[in-house]
Amino acid sequence: MNDLRLRPTTQKAMPEQSLRMDRFLQNDAFIEEDSIDLLHYWRIVRQYQWRILLLALVATILAGLFAFTIKPVYRSSATLLVEGKQGNLLSSIEDVYSMDTTRAEYFQTQFEIIKSPDLARKVIQRMKLATHPEFNEKKPESESQPFWQEWLAMLPALAPDKSGNTEADEAIEVDEAIKAEEQLVTAFLGRVTVKPRLKTQLVDVSFDAKDPKLARDIVNTLGETFIESGLEARMDATRKAAEWLSDRLQSLKDKLTDSENRLQAYLVKEHLVDLEGVLTLSAKEIEKNTETLATVRQARIEAESTYNKIRSGNRLDQIPEVLQDRVIQDLKSKEAELASKESDFAERYGPEHPALVAVRSEHEAIRALLEKQLASIVSSIKSRYEIARANEQAVLSSIESNKAQVQKIGSKQGRLSELQREVESNKKLYETFIDRFKEANEAAELGAANIRFIDKASIPIDPVKPKKKLIVALTFVGMIFLGVLIVLLLDFLDSTFKSPDDIERKLDQPFLGVMPLLDRLRNQPEALGQLVVHEPRGVFAEAVRTIRTGLVLSALDSPHNIWMVTSSFPGEGKSTLAMSLAQSLAQLENGEKRVLLIEADLRRPTLAKRFQLPPKTPGLTHALALHAKLDECLHNVQGLPLDVLPAGMPPPNPLELLASKSFAELLEELEKRYSLILIDSPPVHAVSDAQWLAQHVRSVIYAVKADATSLKAVKDGLRTLERFGAPLAGIVLTQMDVEKSKRYGHGEYSGYYYYQTAYGTDETSSS
C-alpha cells in the first residue's frame, strides 16, 4: 500500500502571489482596509435603490393617510406676571410667615404650582370637565361589558347574585371613581405646558385641546384659579398667624403678670426699699473702719514693742517711756542727792550717827517710791497694750461685719436684677405680639395679588398638531435612512461574493476574472463547456480568455506549468472552468505546443461525458491502477492541440491513487510531453484529494460561485491549500449573473465583457 501520510510543503519556489497569500492567511481574520470603501457602500445602496424608494414611498403614503385622519389639536396660550415681594403695610408679617419672593426658588415654585394636581382638580371641578366629551369618550355599548356577562344575563339562574355584595360593589365603585379622577387629572396635566420666559417674571401657560374654544377657556380658568389659589393661600396663612398670635397673647400676659408679682413679693420679703442708699452707707463705713484700723494697729504695735521689752528682762530705767516719766526723773534725782549726802555723812560721821541714819532712812524711802513708780508704769504699759489690741480686734470685727452686709446686699441685688429683667423681657415680648396681632387682623381684611394676567388666552386658529407636512417629510427621510441602514446591514451580514469588487475587498487576493452565468445553458453543462470553441466571440469565451491572459502572464518565466482548478464545494463550476480554460489555452498554442486536461475528480467524473467520449473510456484510473498504456488513456480533442486524461473507471480508493508514487511519476512524464497541464481537482471541503494534488502543481485556480459560497468557506479552503504548498494563481468568480450585476450597480463588468467581445470580433474579422 502506498504511503498516505501528508507530506510537507514542496520546496518549489513560490511566486509573488503565494507570498501575498501567505501573509494573508497568517492572520485568523482577513486584512481590513485602512479606509472606508465609500464606493462599495454606494454600490450597495444603488443595488437596492428602487426597493428603498418603494419602501419610503409606501411608508410616506401611509403616514400621510394617518396624519390626515388624526383630529387636529389646538393650543391656546396666556401670559401671567409673577411678581416678587410687594410694598405693603404688612411686610413684617410676611417676613415671619412667608418665603423670600425675590429668589429664583420662589418663581420656580410658582411655576410648579401651576402644574400641580390640586390646581388641576379645581379647574376640572369648576368647568365640569369630567362630563365634557373631550375628556369623557364613552365606549360603544358593545364594549361596555364582556360578552360572557351578556350571555349570563340572559340566564337568570346562572347570572351572578349581586344582592349580597352591596358593600363590595360600593367599594369597587369608589375605587373606580378615584382611579377615573386620577386618570382625568393626569390627562389634563399632560396637556398643560408652562414655559417661563428667560430673565423675566413672565410665564406662558398653554393648553392643548381638540376644541379651540375649550382650550381658550381652560387656559383662562387655570390662570384665574391660580391667582385665586395664591390669594387664598396668603389669606389663610395670615388668618392662621392671627389665630396663633391670639392664643399666644394670653399666655404671654399671664407670664408677664406672674413675673411682676414675684418681683414685688421679693422686694417686700427682703425689705429692699432703698437698696442703693444702704450700699452707699456700708461702703462709707468700710472706708472709715479701714482708716481707724490703721491707727489702732499702729498704737498696738508700739504698745506691743514696749511691752515686749519689759517682758524680755531689759532694765526699766533704760526704757524710753520710763525715762521720760516726770516722777521717775524726780525720784531719780532725789535718790542721787541722798546717795551723795549719805556718802558724805558716812565719811564724816560714824555708822550710828543720827544724821547718817536719817539720811539712810530717807534714801530707802525714796528707793521704795521709785520701785513703786516703776511697777505702776509697767502696769500702765501692759494695760495700754491690751487696750490697743482689743481696739484692733474691734475694728476688724466691724470691717468684717460691713463686708458681710455688702455681700448679702449684693446677692439680693443680683436676684432683684434677674426678676426685673424677666419682667422687662416679658413686657417687650407681649407688646411685640400685640403689634403683630393688630397687623394680622388688618391683613385678614386686605389682600393684594402678586400674580396677574398680562395677556389672556384667545381662540387659536391654526392647529399645532399634527404637523402633516413635517410628518410626511420626516417619514420619507427616515425611511430612506432606515432602508439604507437595512441594506448596509444585510451587506454586512452577507458573507458571499456578488462581484469582483467583493473578491478584492474581502480577500485581498489576486483576481483572474469572471465566468458569466448563461440562463439558456443553465442545465446543459456539456454545451456550456464547448462555448469557447462553438461561440468564440461570445461573452463566455471572452471571459475565459481574460482568465487565460492572467494565467499566461503569471507563468512566463516558469517551466513548471501545472495548474490545479478547484473550489470549496461541488457545483461551483470548477469543471466547466477547467474545461473551458484548457480549450482556450489550446487555442493560444496554435499547434506548436500541446495542452493536457487531467480529470483528478475520481469520485464524480464528468469530463468524459462533456467531451462526448465513449463509455468506459480508459483514463487516469486505468493508467495508475490497471497499468494501461498512457497513450491509450490520452484522448485528443478534435481541432485543438488539446488532450484529455479523463478519470476513467471510478476506483474504490481514489485518495490512495492520487497519493501514490505512480501518480507523481505520471505527472513527471506528462510534464515532459505538454507545455501546459490543467488538473480538475475535487472540492477542497468535500474530500482531501485536493491537498495531495496541491503538492504537485505550480499554482491553484480557485473557483468561487457568485452569490453562494461563503467567505469562511473560501478562507478555510485557501488556508488548507496553502498549508500543503499550493500557491494561489488567482480566484475566478463563477456563475455570475451579469444582468443582475448591472441592476445592482456593477454594470462596468458586463460592459467590459461586451466591449471585449466586440473588440475580439473586429480582430477576428480583420485577421
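Residues numbered from 1 in each chain as written. Predicted model: local features only at pLDDT ≥ 70, side-chain atom pairs only at ≥ 80, totals over all residues. Heavy atoms only, no water.

**So, the sheet that holds strand S3 (residues 202–209)**
Okay, step 1: Strand order in the open sheet formed by four strands is S2-S3-S1-S4, with antiparallel pairing between adjacent strands. Edge positions in the sheet fall to strand S2 (192–196) and strand S4 (451–455), since each has one partner strand and no second. Neighbour to neighbour, the strand axes of the sheet diverge by 30 degrees on average, direction disregarded.
Okay, step 2: With four bridges joining them, strand S1 (residues 74–82) and S4 adopt antiparallel strand pairing. Counterpart to leucine 80 in the pairing with S4 is phenylalanine 453.
Okay, step 3: Contacts from helix H5 (residues 104–114) reach S1, S2, S3 and S4 within the one sheet, and its direction differs from that of S1 by about 145 degrees. (Pairing = 2+ DSSP bridges. Helix = DSSP H or I, 4+ residues; strand = E, 2+ residues; numbered from the N terminus. Axes fitted to C-alpha atoms, helices over the stretch in contact; angles between N-to-C directions. Contact = heavy atoms within 4.5 Å.)

**Remarks on the packing of helix H3 (residues 49–69) against helix H14 (residues 468–493)**
Okay, step 1: One can describe the packing of H3 onto H14 by two numbers: an axis separation of 8 Å at closest approach and a directional angle of 150 degrees. Considering their axes alone, H3 and H14 lie roughly antiparallel with respect to each other. Crossing of H3 against H14: the hand is right-handed. Contacts from Ile52, Leu53, Leu55, Ala56, Leu57, Ala59, Thr60, Ala63, Gly64, Ala67 and Phe68 of H3 reach H14 at Lys468, Ile471, Val472, Thr475, Phe476, Met479, Ile480, Gly483, Val484 and Val487.
Okay, step 2: Classifying every residue of the contact of H3 with H14 gives 16 nonpolar, four polar and one charged. (Parallel < 35°, antiparallel > 145°, perpendicular 65-115°, else oblique. Left-handed = near helix turned anticlockwise from the far one by under 90°. Nonpolar A, V, L, I, M, F, W, Y, C, P; charged D, E, K, R; others polar.)

**Looking at the sheet that holds strand S7 (residues 595–599)**
As a general point, the strands of a sheet are linked pairwise by backbone hydrogen bonds and lie either parallel or antiparallel.
Okay, step 1: Reading across from one edge, S5-S12-S11-S6-S10-S7-S9-S8 is the order of the eight strands in this open sheet, with mixed pairing throughout. The open sheet has two edge strands, strand S5 (511–516) and strand S8 (635–637), and neither has a second partner. Between one strand axis and the next, the sheet turns by 25 degrees as a mean value, whatever way the strands run.
Okay, step 2: The pairing of S7 with strand S9 (residues 642–645) spans four bridges and is classified as parallel. Opposite isoleucine 598, over in S9, you have leucine 645 as the bridge partner.
Okay, step 3: The strands touched by helix H15 (residues 500–507) within the sheet are S5 and strand S12 (728–736), with S12 carrying the most contacts at an inclination of about 140 degrees.
Okay, step 4: Packed onto the sheet, helix H18 (residues 539–554) meets S5, strand S6 (562–567), strand S11 (699–705) and S12 and runs at close to 165 degrees relative to S5.

**Structural notes on the nonpolar core**
Okay, step 1: Ile598, Leu620, Leu645, Leu670, Ile679, Tyr702 and Leu721 are the most contacted members of the largest nonpolar core, which has 45 residues in total.
Okay, step 2: Apart from the residues within four sequence positions on either side, leucine 721 is in contact with Met564, Thr566, Val684, Ala690, Ala694, Val700, Tyr702 and Ala726.
Okay, step 3: Among the nonpolar cores identified, the runner-up in size contains 34 residues, and Leu528, Leu531, Val532 and Leu642 belong to it. (Core = buried A, V, L, I, M, F, W, Y, C linked by side-chain atoms within 4.5 Å. Buried < 20%, exposed > 50% of the residue type's maximum accessible area, 1.4 Å probe, protein only.)

**Observations regarding the environment of valine 82**
Okay, step 1: You can see valine 82 is positioned in strand S1.
Okay, step 2: What makes valine 82 buried here is its relative accessible area of 0%.
Okay, step 3: Along the sequence, valine 82 and isoleucine 454 sit 372 residues apart, while their C-alpha atoms lie 10.0 Å from each other.
Okay, step 4: When near neighbours in sequence (up to four residues on either side) are disregarded, valine 82 contacts Tyr106, Phe107, Gln110, Phe111, Gln201, Val203, Asn450 and Ile451.

**Here we look at unusual backbone geometry**
Okay, step 1: For the bond from lysine 465 to proline 466, the omega torsion is 5 degrees, close enough to zero to count as cis.
Okay, step 2: By the element assignment, proline 466 lies in the loop between S4 and H14.
Okay, step 3: Positive phi is not limited to glycine here, since histidine 627 has a value of about 60 degrees.
Okay, step 4: As for its placement among the helices and strands, histidine 627 is situated in the loop between helix H21 (620–625) and helix H22 (630–633).
Okay, step 5: According to the relative accessible area criterion, histidine 627 is exposed, its value standing at 68%.
Okay, step 6: In the Ramachandran plot, aspartate 707 falls in the positive-phi region, its phi being about 60 degrees despite a non-glycine side chain.
Okay, step 7: The topology assignment puts aspartate 707 in the loop between S11 and helix H26 (711–723).
Okay, step 8: On the basis of relative accessibility, which here comes to 36%, the residue aspartate 707 falls in the partly exposed class.

**Some words on a negative patch on the surface**
Okay, step 1: Together, Glu167, Glu170, Glu173, Asp175 and Glu176 make up a negatively charged patch on the protein surface.
Okay, step 2: Looking at the element boundaries, glutamate 176 is found in helix H8 (residues 166–191). (Patch = residues over 30% accessible without salt bridge, like charges linked within 9 Å, V, L, I, M, F, W, Y side chains within 5 Å. Areas by Shrake-Rupley, 256 points an atom, 1.4 Å probe, with all protein chains shown as cover. Salt bridge = Lys/Arg side-chain N within 4 Å of Asp/Glu carboxyl O. Lys, Arg positive; Asp, Glu negative; His and termini not counted. Charge placed at Lys NZ, Arg CZ, Asp CG, Glu CD.)

**So, a nonpolar patch on the surface**
Okay, step 1: Among the surface-exposed residues, Leu54, Val58, Ile61, Leu62 and Leu65 lie close enough to one another that they form a single nonpolar patch of about 510 Å² accessible area.
Okay, step 2: Looking at the element boundaries, leucine 54 is found in helix H3.

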